[in-house]
Amino acid sequence: SFLELGNPFFQGMPDWKSRYQRLIGAAGDFLTERLTNVPEPLCLLCSEKDPADCHRWILGDFLKERGHEVEHLIVQTRQAIQHRRPPTKSGKRSP
């Protein structure tokens, strides 16, 4: 269990996404350090149905920026989708 990657501190806060982004931005390398000892592929799970509404999406951004392949498993459609960053203000997606 990787409790350090969870979102227990900010649950229920309306600005939880920005708070979790700041946490990962400041301490992401430290928080994901134990993942380096886990053989790939690995799977991170959460109870949120939509990955875009979950802290895993923010974590996916962080891991993708560091060269990891990130996919999200979608239960409703029984498919995996490639992780992509949301569009920027100009409307373009970053890789």
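To be clear, the structure that these remarks concern was listed above.
Small disclaimer: the values here were computed from a predicted structure and weren't measured.

## Regarding the overall build of the protein
Okay, so step 1: Secondary structure summary: the protein contains two helices and two strands in total.
Okay, so step 2: Mapped from its N terminus to its C terminus, the protein presents α and β elements in the order α-α-β-β.
Okay, so step 3: Burial statistics for the protein: of 95 residues in total, 27% are counted as buried.
Okay, so step 4: Within the protein, contacts between residues at least 6 apart in sequence are counted, and of these 45% link residues at least 24 apart.
Okay, so step 5: Split by element, the accessible area of the protein, about 7200 Å² in all, is 54% carbon and sulfur.

## Topic: helix α1 (residues 16-31)
Okay, so step 1: Here α1 is 16 residues long, yet its end C-alpha atoms lie only 17 Å apart, well below the 22 Å a rise of 1.5 Å per residue gives.
Okay, so step 2: The principal kink in α1, of about 55°, is found at G25.
Okay, so step 3: Buried within α1 are the following residues: W16, Y20, I24, G28 and L31.
Okay, so step 4: Looking at the buried side of α1, the elements it contacts are α2 (55-65).

## Focus on α2
Okay, so step 1: Counting buried positions along α2 yields nine of eleven residues, so the element is predominantly enclosed.
Okay, so step 2: Buried within α2 are the following residues: H55, R56, W57, I58, L59, G60, D61, F62 and L63.
Okay, so step 3: Where α2 is buried, its residues meet α1 and β1 (71-74).
Okay, so step 4: G67 occupies a position one or two residues after α2 and carries a positive phi of about 95°.

## Comments concerning the environment of P51
Okay, so step 1: Mapped onto the elements, P51 comes out in the loop between α1 and α2.
Okay, so step 2: Linking P51 and H83, residues 32 residues apart in sequence, is a C-alpha distance of 9.4 Å.
Okay, so step 3: Ignoring sequence-local partners within four residues, the contact set of P51 consists of R56, W57, H72 and I74.

What counts and what doesn't
- Residues numbered from 1 in each chain as written.
- Predicted model: local features only at pLDDT ≥ 70, side-chain atom pairs only at ≥ 80, totals over all residues.
- Heavy atoms only, no water.
- Helix = DSSP H or I, 4+ residues; strand = E, 2+ residues; numbered from the N terminus.
- Buried < 20%, exposed > 50% of the residue type's maximum accessible area, 1.4 Å probe, protein only.
- Contact = heavy atoms within 4.5 Å.
- Areas by Shrake-Rupley, 256 points an atom, 1.4 Å probe, with all protein chains shown as cover.
- Expected span 1.5 Å × (residues − 1).
- Bend = angle between axes of the 7 residues up to and from the residue.

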